[in-house]
Amino acid sequence: MSDAVDYLHAYATRAICRARRMPVGKLKRLQRAVGRIYLLLTKEAAVAPSIDYLEDFRAARRLEKSIAPERGQALSELGKTRRPPDAEKSKTALR
């Protein structure tokens, strides 16, 4: 199960780096907490290889997604996605 340790450590590193880029506030604290959770899961997976930590991992992933959704997804929810100018012209040409 050393792969699980490596994967969890990569998630922890990515979460902590993302938290470093965030402005000071509640979301940054939550993101850092998610990073710490991943690190604890890494240690748990290293000590006792099992699948008991997967539910905790999924809960941490859901929390992380709610904190900082993917950039494209966040922009589309806000309605701020920009269409290229050619897209509007092609719609009128098809009609």
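Reading the values: rules and limits
Residues numbered from 1 in each chain as written. Predicted model: local features only at pLDDT ≥ 70, side-chain atom pairs only at ≥ 80, totals over all residues. Heavy atoms only, no water. Axes fitted to C-alpha atoms, helices over the stretch in contact; angles between N-to-C directions. Helix = DSSP H or I, 4+ residues; strand = E, 2+ residues; numbered from the N terminus. Parallel < 35°, antiparallel > 145°, perpendicular 65-115°, else oblique. Left-handed = near helix turned anticlockwise from the far one by under 90°. Contact = heavy atoms within 4.5 Å. Salt bridge = Lys/Arg side-chain N within 4 Å of Asp/Glu carboxyl O. Buried < 20%, exposed > 50% of the residue type's maximum accessible area, 1.4 Å probe, protein only. Core = buried A, V, L, I, M, F, W, Y, C linked by side-chain atoms within 4.5 Å. Phe/Tyr/Trp six-rings, centres within 6.5 Å; stacked < 30°, edge-to-face > 60°.

**Student:** It is not clear to me how the packing of helix α2 (residues 26-47) against helix α3 (residues 54-67) should be interpreted in this structure. Could you clarify?
**Tutor:** For any two helices packed against each other, the geometry is given by the interaxial angle and the distance between the axes. Between α2 and α3, the shortest axis-to-axis distance is 10 Å and the interhelical angle comes to 160°. Judged by the angle between their axes, α2 and α3 are roughly antiparallel. Crossing angle aside, the handedness with which α2 passes α3 is left-handed. Only D56, F57, A60, R61, L63, E64 and I67 of α3 make contact with α2, whose side of the interface consists of L27, L30, Q31, V34, I37, Y38 and L41.

**Student:** How should I be thinking about the pattern of salt bridges in this particular structure?
**Tutor:** Oppositely charged side chains are able to pair whenever their charged atoms sit close together. Counted by the stated rule, this structure contains three salt bridges. For R14, the salt bridge goes to E64, with nearest N and O atoms at 3.4 Å. On the criterion of sequence distance, the pair formed by R14 in helix α1 (residues 2-21) and E64 in helix α3 is long-range, its members being 50 residues apart. A relative accessible area of 31% places R14 in the partly exposed class. Between E64 and R18 there is a salt bridge, with the nearest N and O atoms lying 3.4 Å from each other. On the criterion of sequence distance, the pair formed by E64 in helix α3 and R18 in helix α1 is long-range, its members being 46 residues apart. R18 shares its class with E64; the two are buried. Bridged by salt links that share partners, the residues R14, R18, R61 and E64 form one connected network.

**Student:** How should I be thinking about the nonpolar core in this particular structure?
**Tutor:** Burial of nonpolar side chains together is a common tendency in soluble globular proteins. Counting residues in hydrophobic clusters, the biggest one holds 14 residues, and the most contacted among them are L8, V34, Y38, L41, A45, Y53 and F57. Among the elements that take part in this core, α1 stands out by supplying five residues, more than any other. Once you skip the residues sitting within four places of it in the chain, L41 turns out to touch L8, Y53, D56 and F57.

**Student:** What's the story with the packing of aromatic side chains in this structure? I'm lost.
**Tutor:** To describe a pair of aromatic rings, you give the distance between the ring centres and the angle between the ring planes. Counting across every chain of the model gives three aromatic pairs. With a centroid separation of 5.1 Å and 70° between ring planes, the pair formed by Y11 and F57 is classed as edge-to-face. Of this pair, Y11 sits in helix α1 while F57 sits in helix α3, and the two are 46 residues apart along the sequence. Look at F57 and you get buried, because its relative accessible area is 17%. Seen in terms of ring centroids, Y38 and F57 are 5.8 Å apart; in terms of plane orientation they differ by 50°. Their pairing is tilted. Taken together, the residues Y38 in helix α2 and F57 in helix α3 connect sequence positions 19 residues apart.

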